[in-house]
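# Summary of structural features
The primary structure of each chain is shown beneath.
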Amino acid sequence: MAGIYNPWLVVLSVAVAIFVSHTALRLSARVARTQGTSSRLWLAGGALAMGSGIWSMHFIGMLAFSLPIALAYDIPTTIASLFIAIITSALALKIANRPRINTFHLSLGALLLGGGISAMHYVGMAAIQITPMITYEPGLLVLSIVIAVVASFVGLWLFLRLRKGTSWVMRLARVGAAFVMGLAISGMHYTGMAASRFAPGAFCTGAGTTDPRWLALTIAVPTVAVLAITTILLVYDAHLDSRTRKHNAQLEQANAQLEHAATHDALTGLPNRVLLADRLAQATAQSERYSRGFAVLVADLDRFKSINDSLGHIAGDEMLKEVARRLSQLLRKADTLARLGGDEFVLVLNEITGPRDAETVASKVLASLAEPVTLSGLDVQISASIGVSVFPEDGVDAETLLQHADAAMYHAKKNGRSTFQFFAPVMNVFARERLELESGLRRALAQGEFELHYQPKVDVGSGRIDSAEALIRWRHPKRGLTAPSGFIPIAEETGLIVPIGEWVLHEACRQARAWQTNGLRPLRIAVNLSAQQFKQKSLVTTVREALAASDLDPGYLELELTESAVMQDAESSIQVLRQLSGLGVRISVDDFGTGYSSLSYLRRLPLDKLKIDRSFIREVAASRDDAEIVRAIVSLAHSLHLKVIAEGVETDEQLAFLRDLGCDQYQGFHCSPPVPADEFEQMMRMNPRDVVVVGNPHGNMTDMGDTIIARALRKA
């Protein structure tokens, strides 16, 4: 008995097959992105929608076939075929949900899935109530099953390949794959139908009065509706998932930025102390495992503070970034360059064969930093002191290696700078002494171990001592009298320079007032302000309180600031200095000629005096260049109506040269070294009127101050 096909229903079945295939691809992608309960819910719902769609396609395809007799279907058997379709779909989605699948498992899954689809088809055919029963042509039967298995293999492979990605290319690929899968499923169905054989004279045993076209539409409409709803849910879920992924990506980016900020230096982008500790731990573990060595280099820039103070923090930051760039170019990818803060860098050299490798890199670092850096239009020369420690000879843990490299670096700095030094056990003594010195400074301030010495300032023309500079000394319990060079650098590093500077200010004011009370001629006392102290917002208040506490007239206090400290932030300095000048104190610029002053700013500063740095005075009688610099400074100061004082004057020739230039004052060993307060008072009392440094017409000077001090010391 021969049958015919309704072309509209055939087209409808193929369309449903394509729609189901596209929905299945999107479902596989959605199931693959979820885990846990959500994944199981999507799997169950997806299996129901996909299974219903596949079953509907097959049933519509069966309804498209008509015989000369009316057909009827067994409901339980038809429902059984539907369940087979749903279970088969669940199996397909479950396989597609696996993160990875090899060819063997893919083939096994295709065999099971193809068998399930074939079983659904032929169980559905068995639901036709007809006598005698339908028979099948063996070749086409086998071919339909093969098509089902191959289509399942292709479908699973496409599920796995196309389940990830949201680009337009991926979406078009899914549409194309849906057409291929839909046609393959339809091909399997109609091949199976072609294998069917209906005996002549067969008749339907059930009531087959329903029009197949209406029955097909009745099945197709709900199925398409279910698939459409599923697709809408998938689209909406994809939108939510896209927003979630976007927010997660932003959160991950923010977390990455926070992690980077926590582990890297903000200025240079190099690893900071936190990340360095981790890298050192890794280097230690690797070296212990493979019996290899590594080296730690601590590099500290020389004179960076003076450069920073002279040119400002912006220029200093540019220098640090340039140093970081140069050092980064010297290292391998396996090495680490970190910045610990300030001007200190750490290099970790992994997998070295011996100390010579570290020596080679240290030499390259010094050579790289020897090239000048252009800052604020100036070519600035920089250098570094480097300390080296090697694993395991100098330590077997990160902390020890860093400490030893740091000790070696300070030893290199102590021995002339711009060099490198390997760690030696004797350096621990130096490092310990430095720590003891820092601890002693804190104790000295609390226990009153500091004292002030005073150096006279002499009028060049008259030889009259009319003021003095207060200079700090440390009466150390074990080391004895310690000069400022022995502790001021550490005080600046630790920040103790601020409270020490405040003590100096109060003590100098107190002593000046005490001398006046004791009958001495009033003298102006000069006090040095450090750059850190000058930056303090409370400076004006501190000076006012020191004057009030000692009841000293402000006119007898002179504040000396270095040129670099004043010019670091010229506008701010102008405001602070005007407030100080408003109190009535005198202002002078110390070490003039060593910084980078701007004449436009210098003119606006409320200054009273410029002090020529001793480096120009030392060779002024022999060096033409130094002589010209001193002559220019004196001329500049006088044109700005400022007095000039030269420090470091030690010889008659130097003083004679200054007298010829019209320099106003001088100080130095030619008159007197700095002496304790009681000796200075004795010096002033030797002559009730004035202490005068007398010279003869030929310029050979007799230093009465030296004579007085010598007598006083002999008597003592």
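First things first, this report covers the structure right here in the doc. (Residues numbered from 1 in each chain as written. Predicted model: local features only at pLDDT ≥ 70, side-chain atom pairs only at ≥ 80, totals over all residues. Heavy atoms only, no water.)

## Looking at the nonpolar core
This is how it is decided: The term nonpolar core refers to a set of buried residues drawn from Ala, Val, Leu, Ile, Met, Phe, Trp, Tyr and Cys, joined through side-chain atoms within 4.5 Å. Note on classification: 1.4 Å probe, protein chains only; a residue is buried when its accessible area is under 20% of the maximum for its type, exposed when over 50%, partly exposed between these limits. Only DSSP runs of H or I covering at least 4 residues are called helices, and only runs of E covering at least 2 are called strands; the numbering of each starts at the N terminus. Any two residues having at least one pair of non-hydrogen atoms within 4.5 Å are treated as being in contact.
If you look at the biggest cluster of nonpolar residues, it comprises 82 residues, and the most contacted ones within it are Leu 557, Leu 559, Leu 580 and Val 630. Tallying contributions element by element places helix H15 (residues 497-517) first for this core, with nine residues. For Leu 557, the residues in contact, after removing those within four places along its chain, are Leu 505, Cys 509, Arg 524, Ile 525, Val 527, Val 543, Leu 547, Leu 552, Val 585 and Arg 586. Counting residues in hydrophobic clusters, the runner-up holds 35 residues, among them Leu 297, Leu 320, Ala 358 and Ala 362.

## What about the packing of helix H10 (residues 313-330) against helix H11 (residues 355-369)?
To characterise two packed helices, one gives the angle between the axes of the helices and the distance between these axes. Rules: Here, axes are lines fitted to C-alpha atoms. For helices the fit covers the stretch in contact, and angles between N-to-C directions go from 0 to 180 degrees. The crossing is said to be left-handed when, going from far helix to near helix, the turn is anticlockwise and less than a right angle, and right-handed when the turn is clockwise.
Relative orientation of the contacting elements H10 and H11 amounts to 145°, with a least axis distance of 10 Å. As H10 runs across H11, the sense of the crossing is right-handed. Note on element contacts: H11 touches H10 through Lys 364, Val 365, Ser 368 and Leu 369, opposite Val 323, Arg 326, Leu 327 and Leu 330.

## Here's the deal with unusual backbone geometry
Going from Phe 391 to Pro 392, the amide bond is cis rather than trans, its omega being 0°. Position of Pro 392 among the secondary structure elements: in the loop between strand S12 (384-391) and helix H12 (398-414). In the Ramachandran plot, Glu 351 falls in the positive-phi region, its phi being about 55° despite a non-glycine side chain. As for its placement among the helices and strands, Glu 351 is situated in strand S9 (residues 344-352). One non-glycine residue with positive phi stands out, namely Ser 418, at about 50°.

## A word on the pairing of strand S21 (residues 643-647)
Under the convention used in this document: Here, a strand pair is defined by DSSP locating no fewer than two bridges between the strands. Handedness rule for crossovers: strands pointing away from the viewer, path from the first strand over the helix to the second running clockwise, crossover right-handed.
The buried fraction of S21 amounts to four of the five residues, a majority that puts the element mostly inside the structure. The sheet contact formed by strand S20 (residues 609-612) and S21 spans four bridges and is parallel. Bridge pairing in S21 links Lys 609 to Lys 643. The sheet contact formed by S21 and strand S22 (residues 665-667) spans three bridges and is parallel. Looking at S22, one finds that Glu 647 is bridged to Gln 667. Once you follow S21 into helix H23 (residues 652-661) and on to S22, the crossover reads as right-handed.

## Some words on the environment of Glu 318
On the secondary structure map, Glu 318 appears in helix H10. Exposure remark for Glu 318: the relative accessible area of 40% places this residue in the partly exposed category.

## Concerning the side chain of Ser 530
To be explicit about the condition: The definition of a polar contact used here is a pair of N or O atoms within 3.5 Å, where within protein one atom must be able to donate a hydrogen and the other to accept one, and adjacent residues in sequence count solely through side-chain atom pairs.
Among the structural elements, Ser 530 can be located in the loop between strand S17 (524-529) and helix H16 (531-535). Among the residues examined, Ser 530 registers a relative accessible area of 15% and is labelled buried. A distance of 3.1 Å separates a polar side-chain atom of Ser 530 from the backbone nitrogen of Gln 533.

## Structural notes on a nonpolar patch on the surface
Quick reminder of the rule: The patches reported here contain residues having more than 30% relative accessible area and no salt bridge. Joining distances are 9 Å for like charges and 5 Å for nonpolar side chains (Val, Leu, Ile, Met, Phe, Trp, Tyr). In these tables, accessible area is a Shrake-Rupley quantity obtained with a 1.4 Å probe, and a residue counts as shielded only by the protein chains included in the view. A carboxyl oxygen of Asp or Glu within 4 Å of a side-chain nitrogen of Lys or Arg is what we treat as a salt bridge.
The grouping of Val 142, Leu 143, Val 146, Val 150, Phe 153, Val 154 and Trp 157 at the surface amounts to a nonpolar patch, some 560 Å² of accessible area in total. On the secondary structure map, Val 142 appears in helix H5 (residues 138-162).

## Side note on the pattern of salt bridges
The tally for this structure, following the rule as stated, stands at 23 salt bridges. Across the salt bridge formed by Glu 438 and Arg 442, the nearest N and O atoms sit 3.4 Å from each other. Remark: Arg 442 and Glu 438 occur in helix H13 (residues 427-447); sequence separation between them is four residues, near one turn of the helix. Taking relative accessible area as the criterion, Arg 442 reaches 44% and is therefore assigned partly exposed. The salt bridge involving Glu 560 is made with Lys 457; its shortest N-O contact spans 2.6 Å. With Glu 560 in strand S18 (residues 557-562) and Lys 457 in strand S14 (residues 450-459), this pair connects stretches of sequence that are 103 residues apart. Taken together, the shared-partner salt bridges in this structure form one network comprising Lys 457, Glu 469, Glu 558, Glu 560, Lys 609 and Lys 611.

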